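# A look at the structure
Chain by chain, the residues:
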Amino acid sequence: MTDRRDFLRFAASGLALAALGPRAAAAQAPLKIGMIGAGREGSALGTLFVKAGHPVMFASRNPERLKDLAAGLGPLAQAGTVEQAVAFGDVIVLVVPYPAIAEIGKAHASALAAKALVLDVSNPIPRRDGEEFVKSVNAEGGAGLMTAKLVPGARIVRGFNAIGSTRLGTIAHRAGDPVGVPIAGDDLVGGLAMGKHLVPGTPLGGEHSPAELRRIAATLR
Ligand SMILES: NC(=O)c1ccc[n+]([C@@H]2O[C@H](COP(=O)([O-])OP(=O)(O)OC[C@H]3O[C@@H](n4cnc5c(N)ncnc54)[C@H](OP(=O)(O)O)[C@@H]3O)[C@@H](O)[C@H]2O)c1
């Protein structure tokens, strides 16, 4: 690990490997992960991180609700408040309805700016968040640049944004060609501006092999 960029690349691609890649990924050093949002996608993703050997704190505004999830996953998993999970994680994963990022960014800006990585899995979705809201995100350059504005100073990477929660458990560690996870961040090739393509319904959305992802990404700006 020669510099911050290497660490971020390691953390981002390591998390992707931990969730969806070869079992060898489990041999990597554990990263403490704070999952801000443990609904459908957050609980499915956090479960894979725990299974890969990472300590995970699942956060809710009502952590009591997550006690069964954490207990079922064993000693590496625990439930906490958003504040506790932010304090706990070396890496923070934002898996919340996109409008909630503004509130989380405001409340935890300085703590989030000190993290090695803030992985943004959240998407602005018109039918859930409203057409006008999504237009306002796109006017800022899309999810990615907007997240960077809402969580100033944080090392943001977008990833896992268009792989459905119900598919994660099935495709993780599958035999044969692994599923690729497109990631976008300013410390990575492509830049955070590419995060606008990491939402459901775009060419990068859904399940693709790493080679297919590279081919598609090369056609996008
Ligand atoms: N579902 C998928 O297949 C999928 C796939 C890829 C990406 N995504 C994206 O991931 C995000 C979450 O989707 P989901 O389907 O998992 O939603 P969900 O099941 O409704 O879960 C939402 C989670 O966000 C938390 N939350 C909501 N408002 C919050 C706030 N103000 N502060 C802190 N936590 C808050 C909720 O926690 P509380 O217990 O505190 O309410 C809950 O754990 C969305 O942006 C979605 O577009 C979803």
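Structure: above.
In this report, we go over the structure that sits alongside the text. (Residues numbered from 1 in each chain as written. Predicted model: local features only at pLDDT ≥ 70, side-chain atom pairs only at ≥ 80, totals over all residues. Heavy atoms only, no water.)

## Examining the pattern of salt bridges
For clarity, the cut-off: For this analysis, a salt bridge means a side-chain nitrogen from Lys or Arg found within 4 Å of a carboxyl oxygen belonging to Asp or Glu. A 1.4 Å probe rolled over the protein chains alone gives each residue an accessible area, and that area as a share of the maximum for its type sets the label: buried under 20%, exposed over 50%, partly exposed in between.
Applying the stated criterion across every chain yields a total of 6 salt bridges. Among the salt bridges present, the one from Glu-64 reaches Lys-67, with a minimum N-O distance of 3.0 Å. Owing to a relative accessible area of 60%, Glu-64 belongs among the exposed residues under this scheme. Here Lys-149 and Glu-140 are joined by a salt bridge, their closest N and O atoms 3.2 Å apart.

## A short note on the site of the ligand
Basically, it comes down to this: One heavy atom within 4 Å of a molecule or strand is enough for the residue carrying it to be called near that molecule or strand. Polar contact is the term for a pair of N or O atoms within 3.5 Å; when the atoms are in protein, one must be able to donate a hydrogen and the other to accept it, and sequence-neighboring residues count only if both atoms are side-chain atoms. For the area figures, the Shrake-Rupley method with a 1.4 Å probe applies, and any residue is considered shielded solely by the protein chains shown. Only protein atoms enter the 1 Å grid used here. Points where a 1.4 Å probe fits but cannot escape make up a cavity, open sets with protein on both sides within 12 Å along at least five of seven lines make up a pocket, and a residue lines them when an atom lies within 4 Å of a point. A molecule is counted as occupying a cavity or pocket when more than half of its atoms fall within 2 Å of that pocket's grid points. Every helix listed is a DSSP run of H or I at least four residues long, and every strand listed is a run of E at least two residues long, numbered separately from the N terminus.
Close to the ligand lie 26 residues, the nearest being Glu-41, Ser-60, Arg-61, Val-96 and Ser-165. Here an oxygen atom of the ligand sits 2.8 Å away from a polar atom, N or O, in the main chain of Glu-41. Residue Ser-60 places a side-chain N or O atom 2.5 Å away from an oxygen atom belonging to the ligand. Burial of the ligand by the protein amounts to 83% of the accessible area it has alone, namely 890 Å². Because more than half of its atoms lie within 2 Å of the grid, the ligand is assigned to the largest pocket. Only α2 (40–51) and α5 (100–113) provide two or more residues apiece to the shell around the ligand. The leading source of residues in the shell around the ligand is α5, at 3 residues.

## Describing the pairing of strand β4 (residues 91–94)
As a reminder, the rule being used: We treat two strands as partners when DSSP finds at least two bridges between them.
The side-chain alternation of β4 yields two buried faces, one formed by Val-91 and Val-93 and the other by Ile-92 and Leu-94. In terms of strand pairing, strand β1 (residues 33–36) meets β4 through 4 bridges, oriented parallel. Counted as the bridge partner of Met-35 is Val-93 from β4. Direction of pairing for β4 relative to strand β5 (residues 117–120): parallel, over a ladder of 4 bridges.

## Considering the packing of helix α1 (residues 4–20) against α2
Note the cut-off: Angular values range over 0 to 180 degrees, each being the angle between N-to-C directions of two axes fitted as lines to C-alpha atoms, with helices fitted over their stretch in contact. Roughly parallel refers to an angle under 35 degrees, roughly antiparallel to one over 145, roughly perpendicular to one between 65 and 115, and oblique to any angle outside these ranges. Contacts between residues were defined by any pair of non-hydrogen atoms, one from each residue, lying within 4.5 Å. Three classes are used: nonpolar for Ala, Val, Leu, Ile, Met, Phe, Trp, Tyr, Cys and Pro, charged for Asp, Glu, Lys and Arg, and polar for all others, with Gly counted as polar.
Relative to each other, α1 and α2 sit at 90°, their axes nearing to 8 Å. In terms of orientation, α1 lies roughly perpendicular with respect to α2. Residues Leu-15, Ala-18, Ala-19 and Leu-20 of α1 form the contact with α2, whose own contacting residues are Leu-45, Leu-48 and Phe-49. Tallied by class, residues from the contact of α1 with α2 come to 7 nonpolar, no polar and no charged.

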